[in-house]
Amino acid sequence: MTRTTEPKPYKVFQRKQLDKIEQIKVLPREQREALDAVSAVFPFRVNGYVIDELIDWSKVPDDPMFQLTFPQRGMLETRDFDKMMRLVRRGATDEEIKNAARRIQMKMNPHPAGQIELNVPRLDEQQLKGMQHKYRETVLFFPAQGQTCHAYCTYCFRWAQFVGIDELKFVEREADTLVRYLRRHPEASDVLFTGGDPMVMSTKVMRRYVEPLIHSGVESLRTIRFGTKAPAYWPYRFTHGPDADDLMRMFEEIVASGRHVAVMAHFSHPRELETEVAQQAVRRILSTGATVRCQAPLIRHVNDDPGAWASMWQRQVELGAVPYYMFVERDTGARNYFEVPLARALEIFNAAYSSVSGLARTVRGPSMSATPGKVLIDGVVHVGDEKLFALKFLQGRNPRWSNRVFYAKFDPGAVWLDDLVPAFGEDEFFFEHYLDELHRRRAESASEPDDVQDTIAAQA
Ligand SMILES: *Cc1c(COP(=O)(O)O)cnc(C)c1O
């Protein structure tokens, strides 16, 4: 890898510019056509830094950073892949390709984990599509200008936002809506700016959302988080130029208001932390008084290897960042290609966890962000004759579930919470009744979500 710190101009490549990428030009024709076909279905966007500094082209197609950013043929079922290939080869119109792609996209569970039905909050009877409020303490905010990324991950669970399934899009334009919502909800101590990637916004635009929060005296708001992959995909966002400088000032201003700034950095592979500029980015963020907490899903073909996680966590600690979560790949998009069974995920986590010092063991996982909450696969245990998964809520849709342990039958092939069966011959998990009730009341749409939460919590 070259170790440059000087940015080349930011240059983006999408499907229409595939043949402008020098390293792609030399691939066999079959492989180029496959890329063209698959990237018509999945969002594709990559930039010059990812291409030149992160991908090891001598190892393509197996290179993990190539798997992470270039759509792969295995992401489509054979029938769908053949169909798209035929269209590409016979030079079908954009319209034909788009229609065929849309039919395939709609089969892939575009919004998993009840995000629309259950997480979208209301204010004065109005649905706030650009926000999600699932856990009491944390409100997710999707600024309209932050709904793209410096490059797209092939496994992205928000892929539906990027392929123009417009009616499903989460966005919000009004900073004022967020302030009003937070005033009404003093239980929310944290706001998480997310996307897409909020760091694609200029600092000037970001300030329009952030300044009202810190200047309007919403004292219950204590932490502002930014979910971002920019330290991995475009670290210059934090290191070079007036906009980066202004971003650092903005972090300092939030800190000066007495609040905490947490950059929730998405690092998938240790290589993303190997470049000089990525390390500079982390150091510079920390110099403002902000923290960097690191998280990523466990993905087959990308990071399904304990060594990758151990070296990533170790490097994060060396830089002063905090390993935070290892997630399980969600049940959406091309999950067949990327999924790792829960039992295997636990083995990888345990092998990595046991090979690093206690300072890196701030990480928790493997964790599923599922409909009832964030569920940790905590271990495999034997009780009597039964082999079980010990599971634990890290976050629950009902706040009382936090840290609650429960058990499921061990199943080596299970890849998600839905695949699991309760232990000890029980009919259902303890949270299922609550979720059914929540769905029912949301469908009736009779009461405000808070009332729903409170009344059901009182019954639980
Ligand atoms: C993970 C997550 C959060 C934040 O949870 P923490 O455990 O506090 O980091 C908030 N909202 C949603 C929907 C999440 O998935």
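Above this text is the structure in question.
Residues numbered from 1 in each chain as written. Predicted model: local features only at pLDDT ≥ 70, side-chain atom pairs only at ≥ 80, totals over all residues. Heavy atoms only, no water.

Asks: Help me understand the site of the ligand, please; the structure alone is not making it clear to me.
Replies: Every residue close to the ligand is listed here: Tyr135, Thr138, Leu140, Arg225, Tyr324, Tyr325, Ser369, Lys374 and Gln395. Residue arginine 225 places a side-chain N or O atom 2.8 Å away from an oxygen atom belonging to the ligand. Tyrosine 325 is positioned such that a nitrogen or oxygen atom in its side chain is 2.4 Å from an oxygen atom of the ligand. Within the complex, 86% of the 380 Å² of free accessible area of the ligand lies under protein. Given that more than half its atoms are within 2 Å of the pocket grid, the ligand belongs to the largest pocket. Only strand E6 (138-141) and strand E11 (322-328) provide two or more residues apiece to the shell around the ligand. Here the shell around the ligand is composed, by residue class, of four nonpolar, three polar and two charged. (Near = heavy atom within 4 Å. Polar contact = N/O pair within 3.5 Å; in protein donor to acceptor, adjacent residues only side chain to side chain. Areas by Shrake-Rupley, 256 points an atom, 1.4 Å probe, with all protein chains shown as cover. 1 Å grid on protein atoms, 1.4 Å probe; cavity = no way out; pocket = protein on both sides within 12 Å on 5 of 7 lines; lining within 4 Å. Sits in = over half its atoms within 2 Å of the grid points. Helix = DSSP H or I, 4+ residues; strand = E, 2+ residues; numbered from the N terminus. Nonpolar A, V, L, I, M, F, W, Y, C, P; charged D, E, K, R; others polar.)

Asks: Which parts of the structure should I look at to understand the nonpolar core?
Replies: What tends to happen in soluble globular proteins is that the nonpolar side chains get buried as a cluster. With 120 residues, the main nonpolar core has Phe70, Met84, Phe193, Phe226 and Phe251 as its most contacted residues. For this core, the element with the highest residue contribution is helix H10 (residues 203-215), accounting for six residues. Taken domain by domain, the makeup of this core includes at least three residues from each of domain 1 (12-105) and domain 2 (122-453). In this view, phenylalanine 70 contacts Leu18, Ile21, Ile24, Leu35, Phe44, Val46, Ile55, Trp57 and Thr154; residues no more than four positions away in its chain are not counted. Judged by nonpolar contacts, the second largest core, of 25 residues, contains Leu346, Leu391, Leu420 and Leu438. (Core = buried A, V, L, I, M, F, W, Y, C linked by side-chain atoms within 4.5 Å. Buried < 20%, exposed > 50% of the residue type's maximum accessible area, 1.4 Å probe, protein only. Domains from an automatic or database assignment. Contact = heavy atoms within 4.5 Å.)

Asks: Teacher, can you tell me more about the packing of aromatic side chains here?
Replies: A complete count under the given rule lists 33 aromatic pairs for this structure. Summarising the aromatic geometry, the rings of phenylalanine 193 and phenylalanine 226 are spaced 5.5 Å apart at their centres and angled 15° between planes, so their arrangement reads as stacked. Of this pair, phenylalanine 193 sits in strand E7 (residues 190-193) while phenylalanine 226 is found in strand E8 (residues 223-228), placing the two residues 33 residues apart along the sequence. A residue is classified by how much of its surface remains accessible, and phenylalanine 226, at 0% relative accessible area, is buried. Between phenylalanine 429 and phenylalanine 431 the ring centres are 5.5 Å apart and the planes differ by 10°, which places this aromatic pair in the stacked class. For the pair phenylalanine 429 and phenylalanine 431, a shared accessibility class is recorded, and that class is buried. The rings of Phe393, Trp401, Phe406, Phe429, Phe430, Phe431 and Tyr434 are connected pair by pair, giving a single aromatic cluster. Seen from the ring of tyrosine 353, arginine 361 lies directly overhead, with NZ or CZ sitting 5.2 Å from the centre. Over the face of the ring belonging to phenylalanine 430 we find arginine 404, whose NZ or CZ atom lies 3.6 Å from the ring centre. (Phe/Tyr/Trp six-rings, centres within 6.5 Å; stacked < 30°, edge-to-face > 60°. Lys NZ or Arg CZ within 6 Å of the ring centre and 35° of its normal.)

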